[in-house]
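Each chain, written out:
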Amino acid sequence: MQYRQAAIEQFVVTAQQMRDIEGRIFAAGIPVAALMEKVAGLITHRIMQLFPISLSSPLSSHRIGVLVGPGHNGGDALVVARELHFRGYEIYVYHPLFKQKELTSQHLKYVESLGIPCYQSVEKLKNCDLFIDGLFGFGLQRAIAEPVASAINIINQSNKPVVSIDVPSGLHTDTGEVLGIAIHATHTLCLGLWKLGLLQESALEYLGKTELIDFDIPLADIKAILGESPKIKRFTTQVARSIIGKEKASTNSTLLPRKLVTHKYKEGRLLLVCGSSRYAGAAILTSLGARASGVGMLTVAVPESLKHLMVSKLPEALILSCPETESGAISQLLPNNIDLNSFAAIACGPGLTTDAISVVKQLLNSTVPLILDADALNILAQMKNPWLEQGTIDKTRKATTILTPHTGEFSRLFPKINEKQQDRIKAVKKAAKQSGAIVLLKGPRTAIANPQGEIWINPESTPALARGGSGDVLTGLMGGLLAQSISREIAPDTVTALATWWHSQAGILAAVERTELGVDAFTLTQYLMRVVSF
Ligand SMILES: NC(=O)C1=CN([C@@H]2O[C@H](COP(=O)(O)OP(=O)(O)OC[C@H]3O[C@@H](n4cnc5c(N)ncnc54)[C@H](O)[C@@H]3O)[C@@H](O)[C@H]2O)[C@@H](O)CC1
Ligand SMILES: [K+]
């Protein structure tokens, strides 16, 4: 993949950043109208690919309703309307009574002069087969009012495909929040750079298939606004491949290829602390996740009653049987005389139950990179550890700490940060700053923040992963990758994002073959390796 394309797919902008970038290119000399022509030409081309006029079907199946708002989103839509008209599509325009921007108004005048029917009632478009939504883009400032609200409702009820230009009209460009009502698109063609709101969960059901239309904004202008190393990035497949590194010569910073001269301890030494007599399966799933990471040496600490089960399921792992509480949780790790600091990474939590409190305390005292998940997070929340509010967890521990909560665990850990707000990205950023840990907030668009405010967003996932045990697999996989990353100079937040991407891609792959109902957590572990055998 070209450098430009790879970079562009990672960048994420707010409406204001997009305005600032746009301001720079206009100031540099490109006329606004010229840019609109260029962008609309690219949109036209893409729509013709998605909805081609076939010679065998009558043209009437290509009646397109174009929804035109007052700003330049409406201007884009009018240029697309004009071009599709010339290419043989039957076009009908809806433009509610608005004071239009000058350029938009000129395009409307020309479209009308071509004899394209233009209406102020959306009812006139009821026979259209497809709609193009150019009501509002990143200039939407307030809730959508009548008559546009009713028009959007009618379009949504039509069950016809809708292609939204830039963002589905009605969504807030930054938070993805619905301002009154929003278009339910089947396709969103995002212009130039990914808008932050399209990565927020509140937007997901409105977006349909999303793609970026790159219109050649110079990288220098993007970097002038976002900085040399932008704070918020999408963790794309290309980023993942560059870290896994199968195709490159070993640079000491990729997982593959392995060095010819190596040994198991050099390839990561991981300790998993998981399971209880009540949740034995969690220990198995976590371990199978770790196995798929390729980690050199896996040690799993479980309550003694699980030892035989674990040995039978994971013959390659060293199983440490630990004394257990009456409830069947691990009571302590120490009697095994293990030196916690000899591990490259530790992952703790799945199936632990909250009775394993002394174990979590012991692990927090280690100086090894530590992932805390599931019950380890609940224990941490119960401990009301002041670190969580003083931004010092990593400094106090003297090693990286990664917290991987889902929504419920997040609100227990960080009760003062209201994650139920629309903006999960802001919430995870605050949590990382407040605790000093790397925080991963799970969901359909998992976000990972480090204490410096750098954020990775996983841009693709599947609801097939909304299933018990799926998170345990992630913890194991992440642990295995973290253990291998230590000698490879891969930043821990990048490893966290890589594990998230890998886990989602395995879910997507499994769901394609088995439907979204067929991806139980054990099956998921069987697909992990296939993600990287590209
Ligand atoms: N940023 C770029 O580089 C480019 C942007 N272009 C297009 O321009 C769009 C942005 O254009 P604009 O800034 O004109 O913004 P919009 O087209 O999103 O609309 C802004 C207009 O809507 C009005 N408005 C806002 N909220 C309203 C509401 N709730 N009810 C009624 N009226 C409301 C505003 O007063 C303003 O007139 C982008 O989304 C994209 O489609 C492209 O033409 C080319 C390149
Ligand atoms: K739109």
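Bear in mind that the values here come from a model prediction, so they are computed numbers and not experimental data.

A word on the overall build of the protein chain
Phase 1 of the analysis: Counting its regular elements, the protein chain contains 20 helices and 19 strands.
Phase 2 of the analysis: Its C-alpha atoms give the protein chain a radius of gyration of 26 Å, within 12% of the compact-globule value 24 Å for 534 residues.
Phase 3 of the analysis: With respect to the principal axes defined by its C-alpha atoms, the protein chain has extents near 85 × 45 × 45 Å.
Phase 4 of the analysis: Considering the protein chain as a whole, with its 534 residues, one finds that 56% of them fall into the buried category.
Phase 5 of the analysis: Expressed as a percentage of contacts within the protein chain between residues at least 6 apart in sequence, the contacts between residues at least 24 apart total 71%.
Phase 6 of the analysis: Put simply, the protein chain shows about 22,100 Å² of open surface, and 54% of that area lies on carbon and sulfur atoms.
Phase 7 of the analysis: One finds the centroid of the 52 positive side-chain charges in the protein chain at a distance of 3 Å from the centroid of its 46 negative side-chain charges.

Let's talk about the domain arrangement of the protein chain
Phase 1 of the analysis: Assigned domains within the protein chain: domain 1 (3–229) and domain 2 (237–532).
Phase 2 of the analysis: Computed from C-alpha atoms alone, the centre-to-centre distance between domain 1 and domain 2 is 40 Å.
Phase 3 of the analysis: Across the boundary between the two partners, domain 1 contributes 10 residues, which contact 12 residues of domain 2.
Phase 4 of the analysis: Of the roughly 1,000 Å² buried between domain 1 and domain 2 on both sides combined, carbon and sulfur atoms contribute 61%.
Phase 5 of the analysis: Area buried by domain 1 at its contact with domain 2 is led by L199, Q200 and E201, which between them contribute 48% of it.
Phase 6 of the analysis: Our enumeration of links across domain 1 and domain 2 arrives at 1 salt bridge.
Phase 7 of the analysis: The shortest N-O distance in the salt bridge between R424 and E201 comes to 3.1 Å.

Considerations on the nonpolar core
Phase 1 of the analysis: Counting residues in each nonpolar core, the largest one holds 60 residues, and the members touching the most others are F235, L298, V300, M310, L498 and W502.
Phase 2 of the analysis: Ranked by the residues each element gives to this core, the list is headed by helix α19 (residues 492–514), at 9 residues.
Phase 3 of the analysis: Once residues within four sequence positions are removed from consideration, V300 is found in contact with L272, C274, S287, M310, A317, L318, I319 and L320.
Phase 4 of the analysis: Core analysis: the second largest hydrophobic core is formed by 56 residues, V66, L84, I91 and C190 among them.

Remarks on the packing of aromatic side chains
Phase 1 of the analysis: Applying the stated criterion across every chain yields a total of 2 aromatic pairs.
Phase 2 of the analysis: Relative to F414, the ring of F410 lies with its centre 5.2 Å away and its plane at 50°, an arrangement referred to as tilted.
Phase 3 of the analysis: When its relative accessible area of 1% is taken as the criterion, F414 is described as buried.

Topic: the sheet that holds strand β6 (residues 162–165)
Within a beta sheet, neighbouring strands are joined by backbone hydrogen bonds and run either parallel or antiparallel to one another.
Phase 1 of the analysis: Spatially, 7 strands are ordered β4-β3-β2-β5-β6-β7-β9 in an open sheet, and the strand pairing comes out parallel. The sheet terminates laterally at β4 (118–119) and β9 (209–213), the two strands that pair on one side only.
Phase 2 of the analysis: For strand β2 (residues 63–68) and strand β3 (residues 90–94), the ladder comprises 5 bridges, and the chain directions are parallel. By the bridge assignment for β3, V66 is matched with V93.

Looking at the coordination of the potassium ion (ligand 2)
By definition of the ideal shapes, a tetrahedral metal site with four donors has angles of 109.5 degrees and an octahedral site with six donors has angles of 90 or 180 degrees.
Phase 1 of the analysis: Taken together, the protein donors to the potassium ion (ligand 2) comprise N73 (OD1), D133 (O), F136 (O), I165 (O), V167 (O) and S169 (OG), at separations of 2.7 to 3.1 Å.
Phase 2 of the analysis: Its 6 donor atoms give the potassium ion (ligand 2) angles of 67 to 172° at the centre, a pattern that matches the irregular case.
Phase 3 of the analysis: All donors of the potassium ion (ligand 2) come from a single chain, and their spacing in sequence reads N-x59-D-x2-F-x28-I-x1-V-x1-S. Of the two residues, D133 sits in strand β5 (residues 130–134) while V167 sits in the loop between β6 and β7 (187–191), which places them 34 residues apart along the sequence. Of the two residues examined, D133 and V167, each falls in the buried class.

Observations concerning the packing of α19 against helix α20 (residues 521–532)
Phase 1 of the analysis: It is at 8 Å that the axes of α19 and α20 come closest, and there the two elements cross at 110°. Compared by their axis directions, α19 and α20 come out roughly perpendicular. For the pair formed by α19 and α20, the contact residues are W501, W502, H503, Q505, A506, G507, L509, A510, E513 and R514 on the first element and T523, L524, Y527, L528, M529, R530, V531 and V532 on the second.
Phase 2 of the analysis: For the contact of α19 with α20, the residue count by class is 11 nonpolar, 4 polar and 3 charged.

Regarding the pattern of salt bridges
Phase 1 of the analysis: One pass over the structure, following the stated rule, counts 18 salt bridges.
Phase 2 of the analysis: Here R82 makes a salt bridge to E37, at a shortest N to O gap of 2.7 Å. Residue R82 is located in helix α4 (residues 72–86), and its partner E37 is located in helix α3 (residues 32–50); the two are separated by 45 residues in the primary sequence.
Phase 3 of the analysis: When the shortest N-O distance is used, the salt bridge between E267 and R258 registers 3.3 Å.

Concerning the side chain of D423
Phase 1 of the analysis: Looking at where D423 falls in the secondary structure, it is placed in the loop between α16 (407–413) and α17 (424–435).
Phase 2 of the analysis: Summary of buried charges: D423 has no salt-bridge partner, and the nearest side chain of opposite charge, K426, is 4.4 Å away.
Phase 3 of the analysis: Within the local environment of D423, its side chain forms a polar contact with the backbone nitrogen of I425, the two atoms lying 3.2 Å apart.
Phase 4 of the analysis: Beyond its immediate sequence surroundings of up to four residues, D423 is in contact with T175 and Q200.

Remarks on the pairing of strand β12 (residues 297–303)
Phase 1 of the analysis: Counting buried positions along β12 gives 7 out of 7 residues, so the element sits mostly inside the fold.
Phase 2 of the analysis: Pairing geometry for strand β11 (residues 269–273) and β12, over 5 bridges, is parallel. Looking across to β12, one finds that L270 is bridged to L298.
Phase 3 of the analysis: In this fold, the crossover linking β11 to β12 by way of helix α10 (residues 280–292) has right-handed handedness.
Phase 4 of the analysis: As paired elements, β12 and strand β13 (residues 318–322) share 5 bridges and run parallel to each other. Looking at β13, one finds that V302 is bridged to S321.
Phase 5 of the analysis: With helix α11 (residues 307–313) bridging β12 and the parallel β13, this β-α-β connection has right-handed handedness.

The rules behind each value
Residues numbered from 1 in each chain as written. Chains lettered and ligands numbered in written order. Predicted model: local features only at pLDDT ≥ 70, side-chain atom pairs only at ≥ 80, totals over all residues. Heavy atoms only, no water. Helix = DSSP H or I, 4+ residues; strand = E, 2+ residues; numbered from the N terminus. Rg over C-alpha atoms; globule rule 2.2 N^0.38 Å. Buried < 20%, exposed > 50% of the residue type's maximum accessible area, 1.4 Å probe, protein only. Contact = heavy atoms within 4.5 Å. Areas by Shrake-Rupley, 256 points an atom, 1.4 Å probe, with all protein chains shown as cover. Lys, Arg positive; Asp, Glu negative; His and termini not counted. Charge placed at Lys NZ, Arg CZ, Asp CG, Glu CD. Domains from an automatic or database assignment. Buried area = accessible area lost by both parts, 1.4 Å probe. Salt bridge = Lys/Arg side-chain N within 4 Å of Asp/Glu carboxyl O. Core = buried A, V, L, I, M, F, W, Y, C linked by side-chain atoms within 4.5 Å. Phe/Tyr/Trp six-rings, centres within 6.5 Å; stacked < 30°, edge-to-face > 60°. Pairing = 2+ DSSP bridges. Donors = N, O, S within 2.8 Å, 3.2 Å for Na, K, Ca; no water. Tetrahedral: all angles 85-135°; square planar, octahedral: opposite > 155°, others 65-115°. Axes fitted to C-alpha atoms, helices over the stretch in contact; angles between N-to-C directions. Parallel < 35°, antiparallel > 145°, perpendicular 65-115°, else oblique. Nonpolar A, V, L, I, M, F, W, Y, C, P; charged D, E, K, R; others polar. Polar contact = N/O pair within 3.5 Å; in protein donor to acceptor, adjacent residues only side chain to side chain. Right-handed = clockwise from strand over helix to strand, strands pointing away.

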